[in-house]
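Residue strings, one per chain:
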Amino acid sequence: LKEDPEYVKYFKMLSVGLPMGAVKNALQRDGKDPGIMDLNPEKSLKSQTKEEDNSDGPPLKEDPEYEKYFKMLKMGLPMGAVQNALQRDGKDPSIMDLDPEKSLKSQLKKEEEEEDTGPPLKDDPEYTKYFKMLKMGLPMGAVQNALQRDGKDPSIMDLDPEKSLKSQLNKDDDEPGEDMGVPLKDDPEY
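Residues numbered from 1 in each chain as written. Predicted model: local features only at pLDDT ≥ 70, side-chain atom pairs only at ≥ 80, totals over all residues. Heavy atoms only, no water.

> Account for the overall build of the protein, naming residues and giving values.
Secondary structure summary: the protein contains nine helices and zero strands in total. For the protein, the α and β elements follow one another from N to C terminus as α-α-α-α-α-α-α-α-α. Sorting the 190 residues of the protein into buried and exposed places 24% on the buried side. Contacts in the protein between residues at least 24 apart in sequence constitute 46% of all its contacts with a sequence separation of at least 6. Per element, the accessible surface of the protein, about 13500 Å² overall, is 51% carbon and sulfur. (Helix = DSSP H or I, 4+ residues; strand = E, 2+ residues; numbered from the N terminus. Buried < 20%, exposed > 50% of the residue type's maximum accessible area, 1.4 Å probe, protein only. Contact = heavy atoms within 4.5 Å. Areas by Shrake-Rupley, 256 points an atom, 1.4 Å probe, with all protein chains shown as cover.)

Set out below in structure tokens:
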């Protein structure tokens, strides 16, 4: 890899003493995958990427179906406008949250691999009555009030009813979780 004509200059940058971050930025600037620097420089690129690149398709940003949306971003359109265009065209706007350097197929595989244990939220015995309320035509606000009245989190209704509650709560672990602080009324500072 370090003798590959396409990447030799980046390994030279490292040998001269540039920090890894600077080299990865240079790779990214030149439109190459900065993850290359994490591979073994003594082995060929092909031997190291062969297992990952099992014909999952082109990178998302070059996928003919989504290429125009990444071009819109590149032209300076705001993310919201691009997501609206995706929605208008009948596509999932959350596609824009995926890594544009990896293929769509490989990223969807990873999502499918994550276990979805438990019943779908709409069939969860603890929440079926609330989904039934929605189905009967009650407004979302009324259903959320009922959840709150019953001591449950009303934001549950914002989750996907086709996936289990457990699988959706696990995804949000990287976001700030439940408020474990002192209730505001008991906070000595206020």
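On we go.
> An account of the packing of helix α1 (residues 8–16) against helix α2 (residues 20–29) is needed here, citing residue identities and associated values.
At a closest axis distance of 9 Å, the pairing of α1 and α2 adopts a crossing angle of 160 degrees. Taken together, the axes of α1 and α2 lie roughly antiparallel to each other. Between α1 and α2 the crossing geometry is right-handed. Of the residues in α2, those touching α1 at Tyr 10, Met 13 and Leu 14 are Met 20, Val 23, Ala 26 and Leu 27. Split into classes, the residues belonging to the contact of α1 with α2 amount to seven nonpolar, no polar and no charged. (Axes fitted to C-alpha atoms, helices over the stretch in contact; angles between N-to-C directions. Parallel < 35°, antiparallel > 145°, perpendicular 65-115°, else oblique. Left-handed = near helix turned anticlockwise from the far one by under 90°. Nonpolar A, V, L, I, M, F, W, Y, C, P; charged D, E, K, R; others polar.)

> Could you give an account of the environment of Gly 118, naming the residues involved and the relevant values?
If you trace the backbone, Gly 118 turns up in the loop between α6 (104–113) and α7 (128–135). Overall, the relative accessible area of 51% leaves Gly 118 in the exposed class. Separated by 47 residues in the primary sequence, Gly 118 and Leu 165 place their C-alpha atoms 7.6 Å from one another.

> Talk me through the pattern of salt bridges; I want residue IDs and the actual numbers.
Between side chains of opposite charge, pairing is possible as soon as their charged atoms come close. Scanning the entire structure with this criterion turns up 10 salt bridges. For the salt bridge of Asp 30 with Arg 29, the shortest nitrogen-to-oxygen distance reads 3.1 Å. The exposure class assigned to Asp 30 is partly exposed, which follows from its relative accessible area of 29%. A relative accessible area of 61% means that Arg 29 is categorised as exposed. The salt bridge partner of Glu 162 is Lys 122, with a shortest N-O separation of 3.1 Å. Placement of the pair is Glu 162 in the loop between α8 (140–149) and α9 (165–171) and Lys 122 in the loop between α6 and α7, with a sequence separation of 40 residues. (Salt bridge = Lys/Arg side-chain N within 4 Å of Asp/Glu carboxyl O.)

> Lay out the side chain of Lys 32 in plain terms, naming residues and giving numbers.
Relative to the assigned elements, Lys 32 resides in the loop between α2 and α3 (45–49). One buried charged side chain, Lys 32, makes no salt bridge at all; its nearest oppositely charged neighbour is Glu 6, positioned 4.1 Å away. Not counting chain neighbours up to four residues away, the residues in contact with Lys 32 comprise Glu 6, Tyr 7, Tyr 10 and Leu 27. (Lys, Arg positive; Asp, Glu negative; His and termini not counted.)

> So, α8: which residues are in play, and what are the values?
The α-helix winds at 3.6 residues per turn, so residues separated by three or four positions along the chain end up facing the same way. Among all positions in α8, only Val 143, Ala 146 and Leu 147 are buried. Taken around the axis of α8, the buried residues stretch over an arc of 100 degrees, which confines them to a single face. In this structure, α8 carries Asn 145, Gln 148 and Arg 149 as exposed residues pointing more than 90 degrees from its buried face. In this structure, the buried side of α8 is in contact with α7. Residue Gly 151 follows α8 closely and has a positive phi angle near 80 degrees. (Arc of directions from axis to C-beta.)

> Which residues make up the environment of Phe 131, and what values do they have?
Within the element layout of this structure, Phe 131 appears in helix α7. When the C-alpha positions of Phe 131 and Met 157 are compared, they lie 8.2 Å apart, and in sequence the two are 26 residues distant.

> Can you explain the confidence of the model for the protein? Please cite residues and give values.
With 84% of its residues at a pLDDT of 70 or more, the protein shows a mean pLDDT of 81. Below pLDDT 50 for its whole length, residues 172–177 participates in zero contacts with residues either more than four positions away or in separate chains. (pLDDT = per-residue confidence, 0-100.)

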